[in-house]
Amino acid sequence: MAIHPPERRVWWNEPIEKDEIIWIVIAFLWGLVMFGAMVYWHIEGRQNLSTQAYRIDPALFEKRTAEFTKQFKVREEGTTGIPVARPMAGGDVYMLARLWEWWPVLELEKGRSYRLHLSSLDWQHGFSLQPVNINIQVHPGIEHVITMTPTETGTFSVVCNEFCGIGHHTMVGRIHVVEPGSTAGSKPQ
Amino acid sequence: MAMATAETGVIGGVAARFRTCPASGLKIDLAAQRLIKANAVAAVVFLAIGGIFGLMVALTRWQAVHLLPADMFYLVLTAHGLDVLLLWILFFEMAVLYFASAVLLNCRLAAPRIAWLGFALMLGGGLLTNITVLQGQSSVMFTSYPPLQAHPNFYLGLILFAVGALLGCLVFLGTLVIAKEEKTYEGSVPLVTFGALTACIIAIFTIASGAIILVPTWLWSIGYISEINTVMYKLVWWAMGHSSQQVNVAAHVSIWYAIIAILLGAKPLSEKVSRTAFFLYILFLQLASAHHLLVEPGVSAEWRVFNTSYFMYMAVLGSMIHGMTVPGAIEAAQRRNGYTRGAFEWLRKAPWGNPAFSGMFLSLVMFGFLGGISGVVLGTEQINIMLHNTLYVPGHFHATVVAGTTLAFMAVTYLLLPLIFQRQVIWPRLAKWQPYLFGIGVAGISLFMMGAGTLGVARRHWDVAFSDAALSFAYPAAAFLMLALNGLSAILAATGGALFVVLVVASVLWGKPVDETNIIESLGPMPQRQVGDAVASYGNAGTWKLPGTYILVSVFFTAFVLYYFVNWKYLSQLWPMG
């Protein structure tokens, strides 16, 4: 029994049942399939996490995001006073995380690719795009550049899903996706 | 009673007091027995405290109840993780280590004073961290990711606790050496001890990782170090945090084998296969730190793919092997015991009224189906983009650590009460229902959290309605329903957990004493053993085929493959990114 020493001293010569071997082989091959699936997705799949990342001083990232926002600001989001930036399609986009907001609000065109720059000014945050459900960890001092292509129009929210203190659950940002060529700020304010 | 039958033996020049176990004839070192009791009692106390915190968390996330205010919620959530994931589990594992070494090897425990020092450090460290959290200065979650900073005593308590656990591991290893030297057993160590050794080796790795990261973090919190690299912290912290869950896996798989050996007379189908499966854990499980770095900036794709798969799923292979050999050993034993009709008579006629068996089997099924499959899916590099930091993550690990480990530990407690505490389980009719109550509750917790996570709901989040946020947002209505069902399941699980604590405490205090006249009946219902099966020296030899087990693993494998590819299908619908 499993609570006693093996009854035969030389237990490593005992034969293994054929059916047990079959299960081991199936499980091993399934492991190879699952391993291969991740490699395959890097070659053929369209949802892979970017590995482009740089060390950056949080103050510099804040400055760049502010400049970006100033350059592309089209309006303010409702009555909140948060600027909405509508960058050129295919261009660089900045969004910063800090206690407790994602800034600025972005307006993107459907079907166009953007280089999204993400970083935090203070603690770690979690970029969680809803209801699309894309989740990326955001670190202070690291600028993560992700090429992203929205495939549907609408209003999307960025929730923080890394605990960041007492205001964590109030940290919400927003991304609008509009049809290409539609006029900026044409929607009711 | 223990003291009445104790005898003093001198072994290797060291005096030790023994009693002889009436069930097995093994000599039980009274020093080991006291340590097993102390660690098990401390474990159950922290389970009770941490379980209450867990219920409060679930009732807060149930939006209609929303029990706690935000600051208390984050505080209680931090304490919940600490008390159940760390303290309950590790105290119990110390008891398992001492049982699997001194008791099963018929040996005295090495250096009981060191073991007591370890216990004191664990208790002191655990209390220090708990007090620091409850004082409200350290609501940083169990993971305490920098630059979020806790009070220095938060880290100090964890370091003391880890040193204590390390001492326990060393006592276990020392006992193995003594048993070998003094020839207290013949041949190789039992499979259960081998599994416990696996757990111990991984535990030493995790404690070392913990020291490497917690000592500098502690120094950072008191100002001697200016900065902790946030990605490096996660890499090393999770070498402790995730690998310690593999300690649990090795420990609870060992317990599965132990329970079926004691109750059913089950033998491993093949010592070679089961031991190799444990060995795969030692070789590959440490790579699991990568599971927490799948959506971090600055980590290469090759590193992620290699490590998140435990080097081509070799550790998953180990668990899939146990997933077949454990039910296989039950089936072989039951068929030897005479339950040979059809594919499943062996399972129908298993001792379902014995909480040790039902707890063990529920643990096996739920660990495999809920915890195992969800873990592999969650740990798939690209699929993690959809699930990282959502409630899917706690859904997964409640299936592994609560339905798997905790339920297995509860199950074996029903055997430790008569064997080590020498007390009968009080109120056996209530005890019979406890594993089902707890098990069904935990299954609900796991499934509904995974469901909410699939809908995007963030973990560690006080308000899914975002009522205080400047920009409005709410998760879909289905997510609110999932959280309500999670709350109801938590009430069920908490009831089962409370019943367990009450049963253990009452049995220890007022249970009927166990001696040689009633020891077998005190282990609870078990099937009649077939006499004269000495021919079969290992589980496979001269027995029937195991059709029931093959059907079970086929169902498991089909569910695994389908669910795996469904998630790839979901992923392919996400916004393209790279």
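Residues numbered from 1 in each chain as written. Chains lettered and ligands numbered in written order. Predicted model: local features only at pLDDT ≥ 70, side-chain atom pairs only at ≥ 80, totals over all residues. Heavy atoms only, no water.

S.K.: Even after reading the chapter, I still don't get the interface of chain B and chain A, so can you show me in this structure?
M.R.: By a widely used convention, the size of an interface equals the accessible area lost when the partners come together. Contacts between the two partners involve 108 residues from chain B and, on the opposite side, 85 residues from chain A. Across the chain B to chain A interface the summed buried area is about 8,600 Å²; carbon plus sulfur atoms make up 67%. Three residues, B:Leu471, B:Trp575 and B:Met577, lead the burial of chain B against chain A; their summed loss comes to 12% of the area buried on that side. At the boundary of chain B and chain A, one finds 4 salt bridges. Taken together, chain B and chain A are joined by 39 residue pairs in polar contact (both at pLDDT 80 or more). The element contributing the most residues to the side of chain B that touches chain A is helix 19 (residues 547–572) of chain B, with 11 residues. Here the side of chain B that touches chain A is composed, by residue class, of 66 nonpolar, 27 polar and 15 charged. (Contact = heavy atoms within 4.5 Å. Buried area = accessible area lost by both parts, 1.4 Å probe. Salt bridge = Lys/Arg side-chain N within 4 Å of Asp/Glu carboxyl O. Polar contact = N/O pair within 3.5 Å; in protein donor to acceptor, adjacent residues only side chain to side chain. Helix = DSSP H or I, 4+ residues; strand = E, 2+ residues; numbered from the N terminus. Nonpolar A, V, L, I, M, F, W, Y, C, P; charged D, E, K, R; others polar.)

S.K.: Could you clarify how one ought to interpret the sheet that holds strand 1 (residues 53–55) of chain A in this entry?
M.R.: In any sheet, the strands associate via hydrogen bonds between backbone groups, in a parallel or an antiparallel arrangement. All names here are of chain A. Read from one edge of the open sheet, 5 strands run 1-10-7-4-5, paired in mixed fashion. With partners counted over all chains shown, the strands left at the sheet margins are strand 1 and strand 5 (101–103), one partner each. Neighbour to neighbour, the strand axes of the sheet diverge by 20° on average, direction disregarded. Pairing of strand 4 (residues 92–98) with strand 5, which is carried by 3 bridges, proceeds in the antiparallel orientation. (Pairing = 2+ DSSP bridges. Axes fitted to C-alpha atoms, helices over the stretch in contact; angles between N-to-C directions.)

S.K.: Can you walk me through the packing of helix 1 (residues 18–44) of chain A against helix 10 (residues 301–308) of chain B in this structure?
M.R.: Packed helices, taken two at a time, are described by the angle between their axes plus the distance between the axes. Following both chains from N to C, one finds helix 1 of chain A and helix 10 of chain B inclined at 165°, their axes separated by 10 Å at the closest point. With respect to helix 10 of chain B, the axis of helix 1 of chain A lies roughly antiparallel. When the axes of helix 1 of chain A and helix 10 of chain B are compared, the crossing they make is right-handed. For the pair helix 1 of chain A and helix 10 of chain B, contact is made by A:Phe35, A:Met38, A:Val39 and A:His42 and by B:Ala301, B:Val305, B:Phe306 and B:Thr308, respectively. Its residues assigned to classes, the contact of helix 1 of chain A with helix 10 of chain B comprises 6 nonpolar, 2 polar and no charged. (Parallel < 35°, antiparallel > 145°, perpendicular 65-115°, else oblique. Left-handed = near helix turned anticlockwise from the far one by under 90°.)

S.K.: Before we go on, may I ask you to explain the nonpolar core in this structure?
M.R.: As a rule of thumb, nonpolar side chains are buried together in soluble globular proteins. If you look at the biggest cluster of nonpolar residues, it comprises 262 residues, and the most contacted ones within it are A:Phe127, A:Ile134 and B:Met360. At 25 residues, helix 3 (residues 70–103) of chain B tops the list of elements feeding residues into this core. (Core = buried A, V, L, I, M, F, W, Y, C linked by side-chain atoms within 4.5 Å. Buried < 20%, exposed > 50% of the residue type's maximum accessible area, 1.4 Å probe, protein only.)

S.K.: Just to check I follow, could you spell out the packing of aromatic side chains for this structure?
M.R.: A full pass over the atoms with the stated rule returns 44 aromatic pairs over all chains. Taking the centre distance of 5.8 Å and the plane angle of 80° together, the rings of A:Trp30 and B:Phe557 count as edge-to-face. On the criterion of chain membership, the pair formed by A:Trp30 in helix 1 and B:Phe557 in helix 19 is interchain, its members lying in two chains. With a relative accessible area of 5%, A:Trp30 lands in the buried category. Judged by centre distance (6.3 Å) and plane angle (55°), the ring pair of B:Tyr257 and B:Phe278 falls under tilted. Of this pair, B:Tyr257 sits in helix 8 (residues 243–264) while B:Phe278 is found in helix 9 (residues 271–284), placing the two residues 21 residues apart along the sequence. Overall, B:Tyr257 belongs to the buried group, its relative accessible area being 1%. What links up through ring pairs into an aromatic cluster is the set A:Trp23, A:Trp30, A:Trp41, B:Phe369, B:Phe556, B:Phe557, B:Phe560, B:Tyr564, B:Phe565 and B:Trp568. If you follow B:Arg275 out to its NZ or CZ, it ends over the ring of A:Trp11, 4.8 Å from the centre. (Phe/Tyr/Trp six-rings, centres within 6.5 Å; stacked < 30°, edge-to-face > 60°. Lys NZ or Arg CZ within 6 Å of the ring centre and 35° of its normal.)

S.K.: Sorry, what's going on with the packing of helix 6 (residues 191–221) of chain B against helix 7 (residues 230–241) of chain B here?
M.R.: All names here are of chain B. Where helix 6 contacts helix 7, the two axes come as close as 7 Å, and the packing angle between them is 145°. Helix 6 and helix 7 meet at a crossing whose hand is left-handed. Contacts between helix 6 and helix 7 involve Phe205, Thr206, Ser209, Gly210, Ile212, Ile213, Leu214 and Thr217 from the first element and Met232, Tyr233, Val236, Trp237, Ala239 and Met240 from the second. Grouping the amino acids of the contact of helix 6 with helix 7 by side-chain chemistry returns 10 nonpolar, 4 polar and no charged.

S.K.: Would you take a moment to explain the sheet that holds strand 11 (residues 154–160) of chain A for this structure?
M.R.: Residues and elements named next belong to chain A. Here we have 7 strands laid out as an open sheet, ordered 2-3-6-12-11-8-9, and mixed in their pairing. Edge positions in the open sheet fall to strand 2 (73–76) and strand 9 (134–138), since each of these has one partner strand only. Strand-to-strand, the axes of this sheet are offset by a mean angle of 25°, without reference to chain direction. Across 3 bridges, strand 2 lies against strand 3 (residues 83–85) in antiparallel orientation. What sits directly across from Glu76, in strand 3, is Pro83.

Function cannot be read off these values alone, since they describe shape.
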